[in-house]
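What follows is the residue order along each chain.
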Amino acid sequence: GPIHVFAGGAYLGAASMIETGPGGDLTLPFGSDNRILVKRTQLPQERRDAGMIGRDRRIAFGYRTTVENLLKRAATVILEERIPVSEDSRIEVEQGKATSPGSTLVRERPGVLQWNFLIEPGVRREVEVDYTVRFPVDIVIAGLQ
């Protein structure tokens, strides 16, 4: 049935609760916490067009995500980034060396990298991901041209 969600005396909103048996898991929609700041920035892109010798184009992408904990306690953060997955054998996607260490691939979600970390109060942490897309010059990829 309907529920009203409160946290620390603040009203967060209304939602519907599904029927859950005794001892069952229940997920409540508390929303984002504005005391954990997250900023994602696209890094400069590198493009290398086909030349005299090569017939491939390469485009390197990079992103930096900054997480800052403004809570008075440590917080566990799960950060996910997506790297494209090619379904065409002519298009190659390679994870870059500048990708922050400590990530794991989410097995059931191809192309998703996940970092799990504890961030102390007042601490800011940066995570970077980069990848290169390589493809023949005669292929047009929507969003990359």
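Everything that follows concerns the structure shown earlier in this document.
Residues numbered from 1 in each chain as written. Predicted model: local features only at pLDDT ≥ 70, side-chain atom pairs only at ≥ 80, totals over all residues. Heavy atoms only, no water.

S.K.: Quick one: what's the story with the packing of aromatic side chains, residue by residue and with numbers?
M.R.: Here the structure, examined in full by the defined rule, presents one aromatic pair. Ring centres 5.3 Å apart and planes at 25° place the aromatic pair phenylalanine 61 and tyrosine 131 in the stacked group. Of this pair, phenylalanine 61 sits in strand β5 (residues 56–69) while tyrosine 131 sits in strand β10 (residues 124–136); the two residues are 70 residues apart in sequence, bridging distant segments of the chain. The exposure class assigned to phenylalanine 61 is buried, which follows from its relative accessible area of 9%. Classification of tyrosine 131 as buried rests on a relative accessible area of 8%. Between arginine 40 and the ring centre of tyrosine 63, over which it is positioned, the NZ or CZ distance is 4.0 Å. Across from the ring centre of phenylalanine 117, 4.1 Å away, lies the NZ or CZ of arginine 125, which sits over that ring. (Phe/Tyr/Trp six-rings, centres within 6.5 Å; stacked < 30°, edge-to-face > 60°. Helix = DSSP H or I, 4+ residues; strand = E, 2+ residues; numbered from the N terminus. Buried < 20%, exposed > 50% of the residue type's maximum accessible area, 1.4 Å probe, protein only. Lys NZ or Arg CZ within 6 Å of the ring centre and 35° of its normal.)

S.K.: Before we move on, can you summarise the layout of surface pockets with the specific residues and values?
M.R.: Each pocket or cavity is described by its volume, and for the largest pocket that value is around 340 Å³. Lining the largest pocket we find 19 residues, and of these Glu46, Arg58, Ile59, Ala60 and Thr132 sit closest to its centre. Those elements that place two or more of their residues in the lining of the largest pocket are β4 (46–48), β5, β7 (92–95) and β10. The element contributing the most residues to the lining of the largest pocket is β10, with six residues. For the lining of the largest pocket, the class distribution of residues is eight nonpolar, two polar and nine charged. (1 Å grid on protein atoms, 1.4 Å probe; cavity = no way out; pocket = protein on both sides within 12 Å on 5 of 7 lines; lining within 4 Å. Points joined across faces, edges and corners; volume = space filled by probe spheres on them. Nonpolar A, V, L, I, M, F, W, Y, C, P; charged D, E, K, R; others polar.)

S.K.: Outline the environment of serine 103, supporting the account with residue identities and numerical values.
M.R.: Along the chain, serine 103 turns up in the loop between β7 and β8 (104–105). Judged by relative accessible area, which is 24%, serine 103 ranks as partly exposed. Expressed as a C-alpha distance, the spacing of serine 103 and glycine 1, which sit 102 residues apart in the sequence, is 39 Å. Residues contacting serine 103, with those up to four places away along its chain left out, are Leu113, Gln114 and Trp115. (Contact = heavy atoms within 4.5 Å.)

S.K.: Provide a residue-level description of the sheet that holds β8, including the pertinent values.
M.R.: Spatially, three strands are ordered β6-β9-β8 in an open sheet, and the strand pairing comes out antiparallel. Of all the strands in the sheet, the pair left with one neighbour each is β6 (75–82) and β8. Looking at chain direction, β6 and strand β9 (residues 112–119) are connected through eight bridges and run antiparallel. Bridge pairing links glutamate 81 to leucine 113 in β9. (Pairing = 2+ DSSP bridges.)

S.K.: Summarise the side chain of glutamine 114; cite the residues concerned and give the values.
M.R.: Here glutamine 114 is to be found in strand β9. At a separation of 2.7 Å, a polar atom in the side chain of glutamine 114 contacts the side chain of glutamate 80. Leave out the neighbours within four places in its chain, and glutamine 114 touches Ile78, Leu79, Glu80, Gly102, Ser103, Thr104 and Val106. (Polar contact = N/O pair within 3.5 Å; in protein donor to acceptor, adjacent residues only side chain to side chain.)

S.K.: An account of the pattern of salt bridges is needed here, citing residue identities and associated values.
M.R.: Note that side chains of opposite charge can pair when their charged atoms are close. What the rule picks out here adds up to eight salt bridges. Residues aspartate 56 and arginine 134 are paired through a salt bridge, measuring 2.8 Å at the closest nitrogen-oxygen approach. Taken as a pair, aspartate 56 in strand β5 and arginine 134 in strand β10 lie far apart in primary sequence, 78 residues in all. Note on aspartate 56: relative accessible area 27%, which makes it partly exposed. The closest approach of N and O atoms between arginine 90 and aspartate 88, which form a salt bridge, is 2.7 Å. Judged by its relative accessible area of 23%, aspartate 88 is partly exposed. When salt bridges with common partners are traced through the structure, they connect Asp56, Glu92 and Arg134 into a single cluster. (Salt bridge = Lys/Arg side-chain N within 4 Å of Asp/Glu carboxyl O.)

The analysis is restricted to geometry; functional conclusions fall outside its scope.
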